[in-house]
Amino acid sequence: MATASPLPMPLARLSRPVADWVDAVRALTQPAEVYWCEGTEAEREELTARLVRSGELTRLDPVQFPGCHLYRSHPADVARVEQLTYICTRSKDDAGPNNNWMEPQAAHAKMRELFRASMRGRTLYVIPYCMGPLDSPLARCGVEITDSAYVAINMLIMTRAGRPALERIALEDTFVRGLHSTGELDPQRRFIMHFPEELSIESFGSGYGGNALLGKKCHALRIASWQAREEGWLAEHMLIVGLQNPKGETHYVAAAFPSACGKTNLAMLIPPESMPGWKVFTVGDDIAWLHPGADGRLWAINPEAGYFGVLPGTNRESNRNAYDMIRRDTLFTNTALTADNRPWWEGLPAGTPHTDWQGRPFDPARGPAAHPNSRFTVSARRNPCYSPHAEDPQGVPISAILFGGRRREVAPLVYEARDWSHGVLVGASVASETTAAADGQVGVVRRDPMAMQPFCGYNFADYWRHWLAVGAKLARPPRLFHVNWFRRDPQGRFLWPGFGENLRVLAWMLDRCAGKAHAIDGGIGLLPRPKDLNTAGLRVSPEELRALLSVDRELWQKEVAELRAYLRGFGERLPAQMWAELEKTAAALGGVQESPATGE
Ligand code: OXD
Ligand code: MN
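Source: prediction; values computed, not measured.

1. Details of the site of ligand 1
Every residue close to ligand 1 is listed here: R80, K216, K217, H237, S259, D286, R375, A437 and F455. Here an oxygen atom of ligand 1 and a side-chain polar atom of H237 are 3.3 Å apart. At 3.0 Å, a side-chain N or O of R375 approaches an oxygen atom of ligand 1. In terms of residue class, the shell around ligand 1 is made up of two nonpolar, two polar and five charged. Here the shell around ligand 1 gathers at least three residues from each of two domains, domain 1 (3–58 + 75–231) and domain 2 (236–302 + 390–434 + 442–554).

2. Some thoughts on the coordination of the manganese ion (ligand 2)
Only K217 (NZ), H237 (NE2) and D286 (OD) from the protein reach the manganese ion (ligand 2) as donors, at distances of 2.1 to 2.2 Å. Sequence positions of the residues that donate to the manganese ion (ligand 2) give the spacing K-x19-H-x48-D. Of this pair, H237 sits in the loop between β12 (234–236) and β13 (238–244) while D286 sits in the loop between β15 (279–284) and β16 (288–292), placing them 49 residues apart in sequence. Across this residue pair, the class does not change: H237 and D286 are buried.

3. A few points about the pairing of strand β10 (residues 191–195)
Burial analysis of β10 places five of its five residues in the buried class, which makes it a mostly covered element. Both faces of β10 are covered, namely the face carrying F191, M193 and F195 and the face carrying I192 and H194. Sheet topology places strand β4 (residues 85–87) next to β10; three bridges connect them, and they run parallel. Counterpart to Y86 in the pairing with β10 is M193. Summarising the sheet, β10 and strand β11 (residues 200–204) pair through five bridges and their orientation is antiparallel. The residue of β11 that forms the bridge with F195 is S200. The turn linking β10 back onto β11 is made up of four residues, and L199 within it adopts a positive phi angle of 50°.

4. A short note on the sheet that holds strand β18 (residues 306–310)
With respect to topology, five strands assemble into an open sheet ordered β2-β3-β19-β22-β18, the strand pairing being mixed. Either end of the sheet is taken by a strand with one partner, and the two such strands are β2 (57–59) and β18. Each neighbouring strand pair of the sheet contributes to a mean axis angle of 25°, computed without reference to strand direction. Alignment of β18 against strand β22 (residues 375–379), held across five bridges, turns out to be antiparallel. Bridge pairing in β22 places F308 opposite T377.

5. Brief notes about the packing of aromatic side chains
By the definition in use, this model includes 23 aromatic pairs. Aromatic side chains F65 and F332 sit 6.1 Å apart centroid to centroid with 80° between the ring planes, which places their arrangement in the edge-to-face category. Pair noted here: F65 is in the loop between β2 and β3 (69–71) and F332 is in strand β19 (residues 331–333), with a separation of 267 residues, a long-range link. Residue F65 is classed as buried on the basis of its relative accessible area of 5%. Seen from their ring centres, Y463 and W467 are 6.5 Å apart, and the 70° between their planes marks the pair as edge-to-face. Here the residue Y463 and the residue W467 both occupy positions in helix α12 (residues 460–473), the gap between them amounting to four residues, near one helical turn. In terms of burial, Y463 and W467 fall into one category: buried. Aromatic rings pair up to connect W226, F403, W420, Y458, F460, Y463, W464, W467, Y566 and F570 into one cluster.

6. Let's talk about the packing of helix α2 (residues 41–53) against helix α5 (residues 149–158)
Taken N-terminus to C-terminus, the directions of α2 and α5 make an angle of 150°; their axes are 10 Å apart at the nearest point. Taken together, α2 and α5 sit at an angle that is classed as roughly antiparallel. Crossing of α2 against α5: the hand is left-handed. Contact residues: α2 offers E43, R44, L47, T48 and L51, while α5 offers A149, Y150, A152, I153, L156 and I157. Across the contact of α2 with α5, the residue classes tally to eight nonpolar, one polar and two charged.

7. Section: the nonpolar core
Counting residues in each nonpolar core, the largest one holds 161 residues, and the members touching the most others are F332, L402, W464, W467 and W485. Sort the elements by how many residues they give to this core and α5 lands first, with nine residues. Excluding residues that lie within four positions of it along the chain, W467 makes contacts with L234, E236, M238, I401, F403, W420, V424 and M450. With 31 residues, the next largest nonpolar core counts C88, L114, L124 and F191 among its residues.

8. Notes on the pattern of salt bridges
Scanning the entire structure with this criterion turns up 40 salt bridges. Residues R407 and E559 are paired through a salt bridge, measuring 2.9 Å at the closest nitrogen-oxygen approach. Pair noted here: R407 is in the loop between β23 (396–404) and β24 (414–416) and E559 is in helix α15 (residues 553–568), with a separation of 152 residues, a long-range link. Here R407 and E559 have matching classes, each one buried.

9. Some thoughts on the domain arrangement of the chain
By domain assignment, the chain separates into domain 1 (3–58 + 75–231), domain 2 (236–302 + 390–434 + 442–554) and domain 3 (309–379). For domain 2 and domain 3, the distance between their C-alpha centres works out to 29 Å. In this complex, domain 2 contributes seven residues to the contact, which on the side of domain 3 involves eight residues. Across the domain 2/domain 3 interface, buried area totals approximately 640 Å², and carbon plus sulfur atoms make up 62% of it. Run the count over domain 2 and domain 3 and you get zero salt bridges. Counting across the domain 2 and domain 3 interface gives two residue pairs in polar contact (both at pLDDT 80 or more). Within the side of domain 2 that touches domain 3, the residues separate by chemical class into five nonpolar, two polar and no charged.

10. Observations regarding unusual backbone geometry
The phi dihedral of M450 is positive, around 50°, even though this residue is not glycine. With respect to the helices, strands and loops of the structure, M450 is situated in the loop between β26 (445–447) and α12. Although it is not a glycine, A451 sits at a positive phi angle of roughly 55°. Among the secondary structure elements, A451 is positioned in the loop between β26 and α12. Residue A451 is classed as buried on the basis of its relative accessible area of 0%.

Criteria and cut-off values
- Residues numbered from 1 in each chain as written.
- Chains lettered and ligands numbered in written order.
- Predicted model: local features only at pLDDT ≥ 70, side-chain atom pairs only at ≥ 80, totals over all residues.
- Heavy atoms only, no water.
- Near = heavy atom within 4 Å.
- Polar contact = N/O pair within 3.5 Å; in protein donor to acceptor, adjacent residues only side chain to side chain.
- Nonpolar A, V, L, I, M, F, W, Y, C, P; charged D, E, K, R; others polar.
- Domains from an automatic or database assignment.
- Donors = N, O, S within 2.8 Å, 3.2 Å for Na, K, Ca; no water.
- Helix = DSSP H or I, 4+ residues; strand = E, 2+ residues; numbered from the N terminus.
- Buried < 20%, exposed > 50% of the residue type's maximum accessible area, 1.4 Å probe, protein only.
- Pairing = 2+ DSSP bridges.
- Axes fitted to C-alpha atoms, helices over the stretch in contact; angles between N-to-C directions.
- Phe/Tyr/Trp six-rings, centres within 6.5 Å; stacked < 30°, edge-to-face > 60°.
- Parallel < 35°, antiparallel > 145°, perpendicular 65-115°, else oblique.
- Left-handed = near helix turned anticlockwise from the far one by under 90°.
- Contact = heavy atoms within 4.5 Å.
- Core = buried A, V, L, I, M, F, W, Y, C linked by side-chain atoms within 4.5 Å.
- Salt bridge = Lys/Arg side-chain N within 4 Å of Asp/Glu carboxyl O.
- Buried area = accessible area lost by both parts, 1.4 Å probe.

As structure tokens, this is what we get:
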């Protein structure tokens, strides 16, 4: 006689520390019910159906966009709030001048008052999750408690969430505790607090992605960067992409660019027609955890399982893979709608917005139809170029790391650091024009070292010291580069076409890694000459190419002076090696006689 399979153990019984914590939070926040997320497909559908019934989600045209929904956030809750984001360490210096700081006891007391009874009448969702493949020794786990079903659905897409994660937590000693409540969405009562010494996060008053999906920026970058320093690895704001050359060899590149500077596009790049035989595979589009391997190389995993990508500008031309990927089972946030219930955003060549992102009849006088930071959430498995190695437990070996920003001038298209130590300075020197991903003015140049200004969970001076220490451990370190796809001519026109054409620059880098490509010393680092880049079929004039690869000595001397002033802000804690590298660059720039990219 067949025996009935035993009922699975209730989630609440799998891990005592998690259950105790949930009980304590329940007593504080007083929800109407507690819902433990199993992480099944059926569960996601049921949570989605709940939100459709309550009117919080709108079902999109089921023929063109099957399984897709639109969520509209509160109009005052549409981006990360850096000014309300805190690192709460016992010592203020550990948080550093790069972070807002609050003393941990004071921060807990403040948050306790906000959370008290904040979930009354609401459901408390418990989401155990694993950042990274479930069977990876490089992955780390957390549990998010939230009173937002929208957040729960996003977490179910963005992470490996539910029972398998809780089973792993039950076997391990530690997990990151992330407590989130939407509160009343009052910007005056909104705080995103991080307690790296306790591996915990408390977020109140926002339902927006980066403030509320605690596995992403809060855990996988701010808390993980702290954990990584203690354990000897790096948690970075980087995409990871595999590039297969026509010979069939694949090399992996990680790249750090500030928010909304094209990380998702580069991670899903489509090779230009003039580079036949190349293939591109995405491992990750936003976050990389990089570990020194026993073989002396740096190995990377993507801790996420989905994408929370920026929509405006995404179309068939700019990112066909993403465009195709988001046509089913996708959650849209803050887009406009067409009259026939399709999502619409600026940059789509077809369709007309009928309703704007706030649900009002579209009126161009009120600004863009979709919010400039409107987003899609979708599982990575829907990506047509998802790497077959994206879930390898040991990760993928990294050949090159790129740093870059959005800069009209100064930074050339590409240059290579002299060595790892110089590369740390190059990463620290990243500056970029601000974008709509964070609250505040758009288009202002600010320093964004390693694209981690909003995300480093501790003092940048200590972070750079840690980068130097990791490099010193690597017998076969990746080469480090700086790129700028956004350089403009005096009329404000972009000099470089970007998108798929960026592969030409990546191919030069890989040849450098293989010791095959030429470069010349430009004082700031090593640059290709125009003839070192594959320019077949490229619509960029020789003058434009020279401009892209030129180093303006005066601008760079000013840049070095600004960088010196910026680094001085870190005082005694700044590693001496960083000063030494900066002085080497200053001296080399003094010695440059002519625009080096034009010479032999
Ligand atoms: C993001 C960001 O959402 O960097 O990825 O803001
Ligand atoms: Mn990001």
